[in-house]
Amino acid sequence: MSMDPAAGSINTTLGRATFRDRCGACHILEKGITTHHGPNLYNIGRFAGTRKPDLTAAEYILESILDPEAFVAPHNRRGMPRNVASDLSSDTIRNMVAFLASRGARPDYNEIRQLKIPELQQEPTVRIVRRQDMELAEHVLREQGGCLQCHSLYRN
(Lines give C-alpha, C1' and ligand atoms only; values in the text may rest on other atoms or scores of the structure.)
Protein backbone atom coordinates (compact mmCIF):
# COMPACT_ATOMS: atom_id res chain seq x y z
CA MET A 1 0.00 0.00 0.00
CA SER A 2 0.96 3.62 -0.30
CA MET A 3 2.88 5.01 2.66
CA ASP A 4 0.49 7.99 2.79
CA PRO A 5 -2.31 7.26 5.30
CA ALA A 6 -4.67 9.50 3.30
CA ALA A 7 -4.49 7.04 0.41
CA GLY A 8 -6.70 4.52 2.18
CA SER A 9 -7.41 1.66 -0.21
CA ILE A 10 -5.54 3.31 -3.09
CA ASN A 11 -2.20 1.61 -3.69
CA THR A 12 0.35 3.79 -5.44
CA THR A 13 2.92 0.99 -5.28
CA LEU A 14 0.64 -1.15 -7.45
CA GLY A 15 -0.01 1.91 -9.61
CA ARG A 16 3.74 2.29 -10.13
CA ALA A 17 4.05 -1.37 -11.12
CA THR A 18 1.15 -1.07 -13.58
CA PHE A 19 2.68 2.06 -15.07
CA ARG A 20 6.08 0.37 -15.40
CA ASP A 21 4.60 -2.72 -17.05
CA ARG A 22 2.03 -0.98 -19.27
CA CYS A 23 3.50 2.41 -20.03
CA GLY A 24 7.20 2.22 -19.28
CA ALA A 25 8.18 1.21 -22.79
CA CYS A 26 7.14 4.62 -24.10
CA HIS A 27 7.00 6.93 -21.06
CA ILE A 28 9.63 7.59 -18.42
CA LEU A 29 9.61 9.48 -15.15
CA GLU A 30 13.15 10.86 -14.94
CA LYS A 31 13.97 14.54 -14.98
CA GLY A 32 15.59 15.90 -18.13
CA ILE A 33 15.40 12.78 -20.26
CA THR A 34 13.55 12.86 -23.56
CA THR A 35 11.76 9.79 -24.83
CA HIS A 36 11.45 8.28 -28.26
CA HIS A 37 7.70 7.72 -28.09
CA GLY A 38 5.52 9.18 -25.35
CA PRO A 39 6.34 12.27 -23.32
CA ASN A 40 8.38 12.12 -20.14
CA LEU A 41 5.90 12.18 -17.25
CA TYR A 42 8.31 13.46 -14.61
CA ASN A 43 6.27 15.80 -12.37
CA ILE A 44 3.03 15.05 -14.26
CA GLY A 45 1.14 15.46 -10.97
CA ARG A 46 2.34 19.04 -10.72
CA PHE A 47 1.29 20.24 -14.17
CA ALA A 48 -1.52 17.88 -15.24
CA GLY A 49 -4.13 20.18 -13.73
CA THR A 50 -3.01 23.01 -16.02
CA ARG A 51 -3.41 21.09 -19.28
CA LYS A 52 -7.14 21.48 -19.85
CA PRO A 53 -9.48 24.04 -18.33
CA ASP A 54 -11.92 22.59 -15.81
CA LEU A 55 -9.96 19.35 -15.31
CA THR A 56 -8.03 18.58 -12.16
CA ALA A 57 -4.72 16.73 -12.35
CA ALA A 58 -6.41 13.41 -11.54
CA GLU A 59 -9.19 13.98 -14.09
CA TYR A 60 -6.66 14.89 -16.77
CA ILE A 61 -4.52 11.84 -16.05
CA LEU A 62 -7.59 9.58 -16.11
CA GLU A 63 -8.77 11.09 -19.40
CA SER A 64 -5.30 10.59 -20.87
CA ILE A 65 -5.39 6.92 -19.93
CA LEU A 66 -8.94 6.26 -21.12
CA ASP A 67 -9.00 8.53 -24.18
CA PRO A 68 -5.43 9.42 -25.19
CA GLU A 69 -6.56 11.46 -28.20
CA ALA A 70 -8.80 13.77 -26.14
CA PHE A 71 -5.89 16.15 -25.62
CA VAL A 72 -2.31 15.96 -26.81
CA ALA A 73 -0.05 18.35 -24.97
CA PRO A 74 1.90 20.88 -27.03
CA HIS A 75 5.14 19.49 -28.48
CA ASN A 76 3.89 15.92 -28.09
CA ARG A 77 2.63 13.63 -30.77
CA ARG A 78 -0.32 11.35 -31.12
CA GLY A 79 0.11 7.63 -31.04
CA MET A 80 -0.77 6.28 -27.62
CA PRO A 81 -2.84 3.11 -28.04
CA ARG A 82 -6.53 3.77 -27.51
CA ASN A 83 -7.06 0.45 -25.79
CA VAL A 84 -4.16 0.74 -23.34
CA ALA A 85 -6.47 0.26 -20.35
CA SER A 86 -9.09 -1.99 -21.91
CA ASP A 87 -8.23 -4.98 -19.75
CA LEU A 88 -7.56 -3.13 -16.50
CA SER A 89 -9.97 -3.03 -13.58
CA SER A 90 -11.20 0.32 -12.31
CA ASP A 91 -9.15 -0.19 -9.11
CA THR A 92 -5.99 -0.79 -11.15
CA ILE A 93 -6.62 2.36 -13.17
CA ARG A 94 -7.34 4.32 -9.98
CA ASN A 95 -4.02 3.14 -8.49
CA MET A 96 -2.17 4.23 -11.61
CA VAL A 97 -3.90 7.65 -11.62
CA ALA A 98 -2.87 8.11 -7.98
CA PHE A 99 0.71 7.09 -8.72
CA LEU A 100 0.99 9.53 -11.63
CA ALA A 101 -0.76 12.30 -9.68
CA SER A 102 1.87 11.83 -6.96
CA ARG A 103 4.71 12.67 -9.36
CA GLY A 104 5.67 16.17 -8.21
CA ALA A 105 2.53 16.83 -6.18
CA ARG A 106 0.44 15.47 -3.35
CA PRO A 107 -2.56 13.71 -4.89
CA ASP A 108 -6.09 14.35 -3.71
CA TYR A 109 -6.95 10.78 -2.72
CA ASN A 110 -10.57 11.67 -1.90
CA GLU A 111 -11.01 12.97 -5.43
CA ILE A 112 -9.25 9.94 -6.93
CA ARG A 113 -11.52 7.58 -4.95
CA GLN A 114 -14.55 9.38 -6.41
CA LEU A 115 -13.42 9.39 -10.05
CA LYS A 116 -15.95 7.74 -12.30
CA ILE A 117 -14.02 4.99 -14.05
CA PRO A 118 -15.99 2.79 -16.41
CA GLU A 119 -15.55 -0.94 -16.03
CA LEU A 120 -13.54 -1.74 -19.14
CA GLN A 121 -12.70 -5.38 -18.55
CA GLN A 122 -14.44 -7.73 -20.89
CA GLU A 123 -14.52 -11.47 -21.16
CA PRO A 124 -11.13 -12.59 -22.41
CA THR A 125 -11.12 -13.69 -26.00
CA VAL A 126 -9.07 -16.60 -27.16
CA ARG A 127 -6.69 -15.63 -29.91
CA ILE A 128 -4.91 -18.36 -31.77
CA VAL A 129 -1.63 -17.30 -33.29
CA ARG A 130 -0.06 -19.80 -35.61
CA ARG A 131 3.69 -20.24 -35.72
CA GLN A 132 3.79 -19.33 -39.42
CA ASP A 133 2.04 -16.03 -38.62
CA MET A 134 4.64 -15.25 -35.96
CA GLU A 135 7.47 -16.09 -38.32
CA LEU A 136 5.94 -13.91 -41.03
CA ALA A 137 5.59 -11.01 -38.59
CA GLU A 138 9.20 -11.35 -37.49
CA HIS A 139 10.34 -11.47 -41.12
CA VAL A 140 8.42 -8.29 -41.92
CA LEU A 141 9.84 -6.51 -38.87
CA ARG A 142 13.39 -7.61 -39.63
CA GLU A 143 13.60 -7.58 -43.39
CA GLN A 144 10.81 -5.49 -44.86
CA GLY A 145 10.23 -2.72 -42.35
CA GLY A 146 13.69 -2.47 -40.86
CA CYS A 147 11.95 -1.95 -37.51
CA LEU A 148 14.38 -4.09 -35.59
CA GLN A 149 17.26 -1.78 -36.41
CA CYS A 150 15.95 0.41 -33.58
CA HIS A 151 13.41 -1.78 -31.77
CA SER A 152 13.63 -5.17 -30.12
CA LEU A 153 11.26 -8.12 -30.23
CA TYR A 154 11.96 -8.51 -26.55
CA ARG A 155 10.97 -5.89 -24.02
CA ASN A 156 13.89 -3.78 -22.77
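The structure this text deals with has already been given above.
Owing to the predicted nature of the structure, the values given are computational and were not obtained by experimental measurement.

A. A look at the nonpolar core. Counting 28 residues, the largest nonpolar core has Ile-61, Val-97, Leu-100 and Ile-112 as the members making the most contacts within it. Those elements giving two or more residues to this core turn out to be α1 (12-23), α3 (57-66), α4 (90-101) and α5 (109-114). With 7 residues, α4 is the single largest residue contributor to this core. The contacts of Val-97, once residues within four sequence positions are left out, are Ala-58, Ile-61, Leu-62, Ile-65, Ile-112 and Leu-115.

B. Summary view of helix α6 (residues 131-144). When the terminal C-alpha atoms of α6 are compared, their 19 Å separation across 14 residues agrees well with the 20 Å that a helix rising 1.5 Å per residue should span. Gly-146 sits one or two residues past α6 and shows a positive phi near 65 degrees.

C. Spotlight on the side chain of Asn-43. Within the fold, Asn-43 resides in the loop between α1 and α2 (44-47). Assessed through its relative accessible area of 16%, Asn-43 is described here as buried. Ignoring anything within four residues of it in the chain, the contact list for Asn-43 reads Arg-103 and Gly-104.

D. Expanded view of the packing of α1 against α4. Direction vectors running N to C along α1 and α4 enclose 95 degrees, while the axes themselves pass 7 Å from each other. With respect to α4, the element α1 is oriented roughly perpendicular. On α4, the residues that touch Thr-12, Leu-14, Gly-15, Arg-16, Thr-18, Phe-19 and Cys-23 of α1 are Thr-92, Asn-95, Met-96, Ala-98, Phe-99 and Leu-100. Across the contact of α1 with α4, the residue classes tally to 7 nonpolar, 5 polar and 1 charged.

E. Spotlight on the packing of α3 against α4. The geometry of α3 relative to α4 is characterised by a closest axis approach of 9 Å and an angle of 125 degrees between their N-to-C directions. The angle between α3 and α4 falls in the class oblique. Both α3 and α4 take part in a crossing whose hand is right-handed. For the pair α3 and α4, the contacting residues are Ala-58, Ile-61, Leu-62, Ile-65 and Leu-66 in the first and Ile-93, Met-96, Val-97, Leu-100 and Ala-101 in the second. Looking at the contact of α3 with α4, its residues break down into 10 nonpolar, no polar and no charged.

F. Fine view of the pattern of salt bridges. One pass over the structure, following the stated rule, counts 7 salt bridges. The closest approach of N and O atoms between Arg-130 and Asp-133, which form a salt bridge, is 3.0 Å. Using a relative accessible area of 31% as the deciding quantity, one classes Asp-133 as partly exposed. Taking the shortest distance from any N to any O, the salt bridge between Glu-135 and Arg-131 comes out at 3.1 Å. With Glu-135 and Arg-131 both in helix α6 and 4 residues apart, this pair spans about one turn of that helix. We classify Arg-131 as exposed; its relative accessible area is 63%.

Conventions used here
- Residues numbered from 1 in each chain as written.
- Predicted model: local features only at pLDDT ≥ 70, side-chain atom pairs only at ≥ 80, totals over all residues.
- Heavy atoms only, no water.
- Core = buried A, V, L, I, M, F, W, Y, C linked by side-chain atoms within 4.5 Å.
- Buried < 20%, exposed > 50% of the residue type's maximum accessible area, 1.4 Å probe, protein only.
- Helix = DSSP H or I, 4+ residues; strand = E, 2+ residues; numbered from the N terminus.
- Contact = heavy atoms within 4.5 Å.
- Expected span 1.5 Å × (residues − 1).
- Axes fitted to C-alpha atoms, helices over the stretch in contact; angles between N-to-C directions.
- Parallel < 35°, antiparallel > 145°, perpendicular 65-115°, else oblique.
- Nonpolar A, V, L, I, M, F, W, Y, C, P; charged D, E, K, R; others polar.
- Left-handed = near helix turned anticlockwise from the far one by under 90°.
- Salt bridge = Lys/Arg side-chain N within 4 Å of Asp/Glu carboxyl O.

In short, geometric facts, not functional conclusions.
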